[in-house]
Amino acid sequence: MDQPKGPPKIVIADDNLQNVELLEAYLSDVDCEIRTAFDGEDTLRVVAEFQPDLLLLDVMMPRLSGFEVCRKLRANPATKDLLILMVTALNEASDFERGVQAGTDDFLTKPVNKVELLCRIKSMLRVRHLKNQLERTLAYLAEFEAASRSSEGER
């Protein structure tokens, strides 16, 4: 069975350079690879090229909003399972509802608390790792079962 492929890859998408720098600083002690994007179109390009495990996605961005980016990523088979954590100054129930409808996995409200950010990221990546591990185990068991049935048929 496959082993993990190295440190997680994270994209930070925010049109505000100070927000990007703050999130990068918060992640500086985390073993991960980081790329940045500064608008919605740029985010889609960086995600396609970098193939991250997690996207920290601002909602209010030029060219495409975070909601639109999220919808496009969910509609694309290559990115439909990407973990998306919306990081937003919006905090109305209707904004969270729009995010859920767009396909986000979770939300953080600005200003971002470092401990909360790191806990959410760790938890999301752990769940993803366990899901992948389960899928590999189930595939292995299915192969084993098929091989077992095949050898029984040969007797």
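Residues numbered from 1 in each chain as written. Predicted model: local features only at pLDDT ≥ 70, side-chain atom pairs only at ≥ 80, totals over all residues. Heavy atoms only, no water.

Chemist: Help me understand the pairing of strand β2 (residues 33–37) in this model?
Modeler: Both faces of the sheet carry side chains from a regular strand, because those side chains alternate between them. The sheet contact formed by strand β1 (residues 9–13) and β2 spans five bridges and is parallel. In the strand pairing of β2, K9 is matched with E33. (Pairing = 2+ DSSP bridges. Helix = DSSP H or I, 4+ residues; strand = E, 2+ residues; numbered from the N terminus.)

Chemist: For this particular structure, what's the right way to read helix α3 (residues 66–75)?
Modeler: Given 3.6 residues to a turn, an α-helix orients residues that are three or four positions apart in the same direction. Looking at α3, one finds that the buried residues are G66, F67, V69, C70 and L73. The buried residues of α3 occupy one face: seen down the axis, they fall within an arc of 160 degrees. Among the structural elements, α2 (40–50), β3 (54–58), β4 (83–88) and α4 (93–102) are those in contact with the buried residues of α3. (Buried < 20%, exposed > 50% of the residue type's maximum accessible area, 1.4 Å probe, protein only. Arc of directions from axis to C-beta. Contact = heavy atoms within 4.5 Å.)

Chemist: Would you mind showing me how to read the packing of aromatic side chains here?
Modeler: Here the distance between the centres and the angle between the planes together describe a pair of aromatic rings. Evaluated as defined, the whole model comprises zero aromatic pairs. Taking NZ or CZ as reference, K9 lies 4.9 Å from the ring centre of F50, over its face. (Phe/Tyr/Trp six-rings, centres within 6.5 Å; stacked < 30°, edge-to-face > 60°. Lys NZ or Arg CZ within 6 Å of the ring centre and 35° of its normal.)

Chemist: I would appreciate a short explanation of the sheet that holds strand β5 (residues 106–109) in the present structure.
Modeler: Strand pairing in a sheet is mediated by backbone hydrogen bonds. Such pairs are either parallel or antiparallel. Taken in spatial order, the five strands of this open sheet run β2-β1-β3-β4-β5, and their pairing is parallel. Each edge of the sheet is formed by a strand with only one pairing partner; in this case those strands are β2 and β5. Across the sheet, the axes of successive neighbouring strands diverge by a mean angle of 20 degrees, strand direction being ignored. Strands β4 and β5 of the sheet are contacted by α4, whose axis makes an angle of about 145 degrees with β5. (Axes fitted to C-alpha atoms, helices over the stretch in contact; angles between N-to-C directions.)

Chemist: It is not clear to me how the environment of A89 should be interpreted in this structure. Could you clarify?
Modeler: Residue position: A89 is located in the loop between β4 and α4. Taking the C-alpha atoms as reference points, A89 and M61, separated by 28 residues in sequence, lie 12 Å from one another.

Chemist: Whenever I open this one, the pattern of salt bridges confuses me. Can you help?
Modeler: Where charged atoms from two side chains of opposite charge come close, those side chains can pair. One pass over the structure, following the stated rule, counts eleven salt bridges. D106 serves as the salt-bridge partner of R120, at 3.2 Å between the closest nitrogen and oxygen. In this pair, R120 sits in helix α5 (residues 114–154) while D106 sits in strand β5, placing the two residues 14 residues apart along the sequence. Of the residues examined, D106 reaches a relative accessible area of 24% and is grouped as partly exposed. (Salt bridge = Lys/Arg side-chain N within 4 Å of Asp/Glu carboxyl O.)

Chemist: Just to check I follow, could you spell out the pairing of β4 for this structure?
Modeler: Most of β4 is tucked away, with six of its six residues classed as buried. The two faces of β4 match: L83, L85 and V87 on one face and I84, M86 and T88 on the other face are all buried. In this structure, β3 lies alongside β4, joined through five bridges in parallel fashion. Paired with D58 across the two strands is V87, which belongs to β4. This β-α-β element, β3 to α3 to β4, shows right-handed connectivity. (Right-handed = clockwise from strand over helix to strand, strands pointing away.)

Chemist: I keep staring at the layout of surface pockets and nothing clicks. Help me out?
Modeler: Over the atoms rolls a probe the size of a water molecule, and its path tells where empty space is left. In this structure, the largest pocket encloses a volume near 820 Å³. Around the largest pocket sit 31 residues that line it, and K5, D53, L125, R128 and N132 are the ones nearest its centre. Looking at the lining of the largest pocket, the elements with two or more residues in it are α2 and α5. Among the elements that line the lining of the largest pocket, the one with the most residues is α5, at eleven residues. Residue classes in the lining of the largest pocket are distributed as 13 nonpolar, seven polar and eleven charged. (1 Å grid on protein atoms, 1.4 Å probe; cavity = no way out; pocket = protein on both sides within 12 Å on 5 of 7 lines; lining within 4 Å. Points joined across faces, edges and corners; volume = space filled by probe spheres on them. Nonpolar A, V, L, I, M, F, W, Y, C, P; charged D, E, K, R; others polar.)

So, to be careful, I would describe these as geometric facts and stop short of saying anything about function.
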